[in-house]
Structure formats: structure tokens, C-alpha cells
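# Topology and contacts: notes
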Amino acid sequence: MKSKPGIGLREFSRRREELMSMMGEDGIAILPGANLVARNSDVDYLFRQDSDFHYLTGFDEQEAVFVLIPGREHGEALLFCRERDPEQEQWHGKITGPERAMQLYGMDDAFPISDIDDILPGLIEGKSRLYYAMGHQQEFDARVINWVNSIASSQHKGTQPPGEFVQLGHLVHELRLFKSKQEVEVMKFAAAITGDAHRRIMREAEPGMYEYELEAELNHAFLRGGARSPAYPSIFGSGNNANILHYIENDDVMKSGELVLVDAGAEYQCYAADVTRTFPVNGKFSKAQKEIYNIVLAAQEAAIEMVKPGNHWNQPHEAVVRIICQGLLDLNLLEGTLDTIIENETYKKFYMHRTGHWLGLDVHDVGEYRIDEEWRVFEPGMVTTIEPGIYISQDLAGVPSRYRGIGIRIEDNVLVTKTGHEVLTSGIPKTIEEIEKTMASKAA
Ligand code: GLY
Ligand code: MN
Ligand code: MN
């Protein structure tokens, strides 16, 4: 069994310290965890903790509220959670309970969630700023407003509710944008599971299989690797389905001569990988497929080179657009000059999305892309995807038939380092030679 990385208690505590230093001593932060969501009678969706809540606590149970009070004498990090209950635990599994939450999650204090209405108003009282993500959970919003109002209408002389309300997300998301060493190790583990899965499906793919049969091979590798679920619904688009950007039906038969675009990443300890590879169902790229593939590959490699401290967020995208436009011009799929095509955005019928997004606890992770209207500059610890593509729909008029129905995307996950970048998803077959070799290794 491989040793598995994780986020230690000290790191969760460090995150809370950093948040508190941003909040100042007259603030209080309140953060409810995710709710369990019903799927149908007696069945719920698999519980997934809210990413901000997980980031600050590591506590992955439902019905929990985290409260942070910088400078509070009797403890700064507080958790409200379910009490232990042997009968409930026999039906639904273990409950940590307040006592063990302090010990196992490094909380300064913990209380039964059923006591929150009695305790929280007293904690809010006297604080001048309340940090809370208003608008995410309507029912909880109403409770927060009630607690604040109850202070305002209190009989106690001199009690004051907070005068200032601040969106907690702004602060937490800025912290989440910069990944620590431990986070990078966890993300590399998610990437490694994802790489094993992509290699497995390249070896297993065969004409005549349903797309979901290939998805089953991927899920097998995810679970075997320790990822309970994908980080997002996997895309298995063969043939023209690859041109539907968010295709997730995955129920077509994959035919010889077609490509299959697979966008799938594992979630490990709540951290996402997000990888796309496109390969020929029969193991060999056609000439037309190679022509398009190598444009996307060149664009992706050039974009990855642009990921380094000092460069700004949009530089990888700009590099991609130039290379894709030049490539499509060379194949006579676009007309005009490079500059006019870029200016008029006529390339968008072939490449209509952006080149990447931040990656972390969320697949489309938090963090600003611009600061004061300017593109954000890359700094060490940021992780972005780089994912250019060319999509030539079957129905696209004016395109030679040999190119129609080809949809290609190549996606990797890239960490900004002090000196440049590190591709977290390196080693997953990507060149035509690597992919064909991997696919041919099936029989061996
Ligand atoms: N898999 C979602 C994305 O690539 O953005
Ligand atoms: Mn993706
Ligand atoms: Mn992506």
C-alpha cells in the first residue's frame, strides 16, 4: 500500500491563525458546514463538506458550524457539532461529538449543535465586525439575522450588535489560492491517481465499447487509488460528442476511426485533479487527427511555459490563441491575417473557452483573476489548469469533411514555483507517440 499524504492538524491551525490576523480582534467569523442533500426517500447524496469549512477545520461531518473569535480568552476556534448517539451511530455511522472534536481537530472549544441558539448571540455581542458568507445558505442567513437582531433587542443595557458585515469568502479564498507544501503533496496524489486511471483507459479502449464502459475502467482506477469519487462528472466524448463541451451522457458506442475526449479527475481529501486527454479509439491517429492534435499540443506546451512568477494570468491564453489561430490558418480552416483573426475573434467557432482556471478544493477553484481591473500576476503556490482545445463540429459549414467531428482538448494541472512551474500531472501520455505506444501496450 502506498503511503498517503494528508493535511496535518498544525496546518489547519496555521490557516485559522492567518485568517484571524486578517480579521483583527474586534471581529467574529461564522461558517456553517454543508447540508446533507436528499436524493429521494431515505437516500441522500454522498456528503461533501463545504470547501471553506473543510479548509479551516478538516471536519467533514454534517450539521456543524465553525466560529472563529480572534483574541477570545477562553478559546478562539469553536465548533458546534452533533452529539454522540449510539443509536444514530448504529444506523448512520460514527459521530465525532464535541469532546472528541477538540482533541481530534484541535478546536479550543466545542458545543452540541443543539445549543447554538443559546450560545452564539452571546459570542457575537460586543463584536464590531461579523464575517459571514451571506447568500449561500438562505435558511442559515435567516438564523444569523435573528441572532444579530436578538442582540439589538436585548434587555441588557449597552449591548451592541456588529455594525459591519463582511463577506468571509474574500478572506478565505485569498488564503486558499496559495497552496502549501502539504496541499501540493495531496494534489500530487490526486494527480497520480488520475494519471493511473488515464493510462488504464488508454490501454482498455476498443472500438465497439460504450463510452460508459471506459468510464467504468476509470472509476475502477480512482477507487483503487483511494479516491472515493471524481472531482466533477467525467466527460467521455467520442467522435462528435467531444464537441459538446460539457457532454456527460457517456452512452454512445465508440467507433474505430473516431477520437475519444476524456476529461476526468480524481478528488482526494477534497482536492481536485482536472485532466483531459484525447486519443484514438482504435489506437492510431489518422493524418487529419494528427494535424489538429499537434496544434493543440503545441499551444498547450507554449501556454505551460508562460506559467511563471511575474507573468500575468492571461499570458497562457494569449499564447494559446496565437498558436491555434496560426495552425488553423496553415490548414486553411481560417482565412485572413493572424492579427485580424485574433482581433475579430473568428477563431471562437473552433476555440470558444478560456485556457484555464484555478484548481484546488474546488475544481474551478476560488481566487480572483484580476486585481483592480488588471490581470493577476502568477505567484508561487498558485495552481492553474492549462487546457486548450480545438472543436470542429460535424455540422460546421465550410470545413473539409476529413476534419469534421474532431474535438480535441489537452489539460494539465500546473503549480507556480519560485523559479517557474511544475506540472503536477506530468507523465500522463500526451504526445502522439506516447499515446499510441501506451495504447499498443494492451496486448503485452
Ligand atoms: N473539467 C472541468 C474543466 O475542465 O474545467
Ligand atoms: Mn477538465
Ligand atoms: Mn479544467
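Structure's up top.
Definitions and cut-offs
Residues numbered from 1 in each chain as written. Chains lettered and ligands numbered in written order. Predicted model: local features only at pLDDT ≥ 70, side-chain atom pairs only at ≥ 80, totals over all residues. Heavy atoms only, no water. Helix = DSSP H or I, 4+ residues; strand = E, 2+ residues; numbered from the N terminus. Expected span 1.5 Å × (residues − 1). Buried < 20%, exposed > 50% of the residue type's maximum accessible area, 1.4 Å probe, protein only. Contact = heavy atoms within 4.5 Å. 1 Å grid on protein atoms, 1.4 Å probe; cavity = no way out; pocket = protein on both sides within 12 Å on 5 of 7 lines; lining within 4 Å. Points joined across faces, edges and corners; volume = space filled by probe spheres on them. Nonpolar A, V, L, I, M, F, W, Y, C, P; charged D, E, K, R; others polar. Donors = N, O, S within 2.8 Å, 3.2 Å for Na, K, Ca; no water. Tetrahedral: all angles 85-135°; square planar, octahedral: opposite > 155°, others 65-115°. Salt bridge = Lys/Arg side-chain N within 4 Å of Asp/Glu carboxyl O. Near = heavy atom within 4 Å. Polar contact = N/O pair within 3.5 Å; in protein donor to acceptor, adjacent residues only side chain to side chain. Areas by Shrake-Rupley, 256 points an atom, 1.4 Å probe, with all protein chains shown as cover. Sits in = over half its atoms within 2 Å of the grid points.

The subject of this paragraph is helix α11 (residues 315-330). For α11, spanning 16 residues, the distance from its first C-alpha to its last is 23 Å, which sits close to the expected 22 Å at 1.5 Å a residue. Every buried residue of α11 is accounted for by Q315, P316, H317, A319, V320, V321, I324, C325, G327, L328 and L329. Among the structural elements, α10 (287-305), α12 (338-344), β17 (383-386) and β18 (389-392) are those in contact with the buried residues of α11. Residue N332 follows α11 closely and has a positive phi angle near 60°.

Taken as a whole and assessed by the stated rule, the structure comprises one cavity of 30 Å³ or more. Taken as a whole, the largest cavity spans an internal volume of roughly 60 Å³. Where the lining of the largest cavity is concerned, the elements lending two or more residues are α11 and β17. Among the elements that make up the lining of the largest cavity, the one with the highest residue count is β17 (three residues). A breakdown of the residues in the lining of the largest cavity according to their chemical character gives four nonpolar, five polar and one charged.

Perfect tetrahedral coordination of a metal by four donors corresponds to 109.5 degrees between them, and perfect octahedral coordination by six donors corresponds to 90 or 180 degrees. Taken together, D263 (OD), D263 (OD), D274 (OD) and E411 (OE) make up the full set of protein donors to the manganese ion (ligand 2), lying 2.0 to 2.4 Å away. All donors of the manganese ion (ligand 2) come from a single chain, and their spacing in sequence reads D-x10-D-x136-E. Between the manganese ion (ligand 2) and the manganese ion (ligand 3), the interatomic distance is 3.3 Å, and D274 donates to each metal, bridging them. Taken together, the residues D263 in strand β11 (residues 259-263) and E411 in the loop between β19 (406-409) and β20 (412-416) connect sequence positions 148 residues apart.

Our focus in this paragraph is the coordination of the manganese ion (ligand 3). Here the manganese ion (ligand 3) is held by D274 (OD), H357 (NE2), E387 (OE) and E411 (OE), and the distances to it run 2.1 to 2.2 Å. Note that the manganese ion (ligand 3) binds six donor atoms; their angles at the metal cover 51 to 153°, and the shape is irregular. Among the residues examined, E387 registers a relative accessible area of 9% and is labelled buried.

This next bit is on the pattern of salt bridges. Counted by the stated rule, this structure contains 26 salt bridges. Where E61 meets R82, a salt bridge forms, and the shortest distance between an N and an O atom there is 3.1 Å. Of this pair, E61 sits in the loop between α2 (51-57) and β4 (65-68) while R82 sits in the loop between β5 (77-81) and α3 (86-92), and the two are 21 residues apart along the sequence. Put simply, R409 and E387 hold a salt bridge, and the shortest N to O gap is 3.9 Å. Placement of R409 in strand β19 and of E387 in the loop between β17 and β18 is noted, with a sequence separation of 22 residues between them.

Within the structure, ligand 1 sits among Y232, D263, D274, H357, H364, E387 and E411. Taking D274, its side chain carries an N or O atom lying 3.1 Å from a nitrogen atom of ligand 1. E387 has a polar side-chain atom sitting 3.0 Å from an oxygen atom of ligand 1. Its free accessible area being 200 Å², ligand 1 has 85% of it covered by the protein chains. More than half of the atoms of ligand 1 fall within 2 Å of the grid points belonging to the second largest pocket. By residue class, the composition of the shell around ligand 1 is one nonpolar, two polar and four charged.

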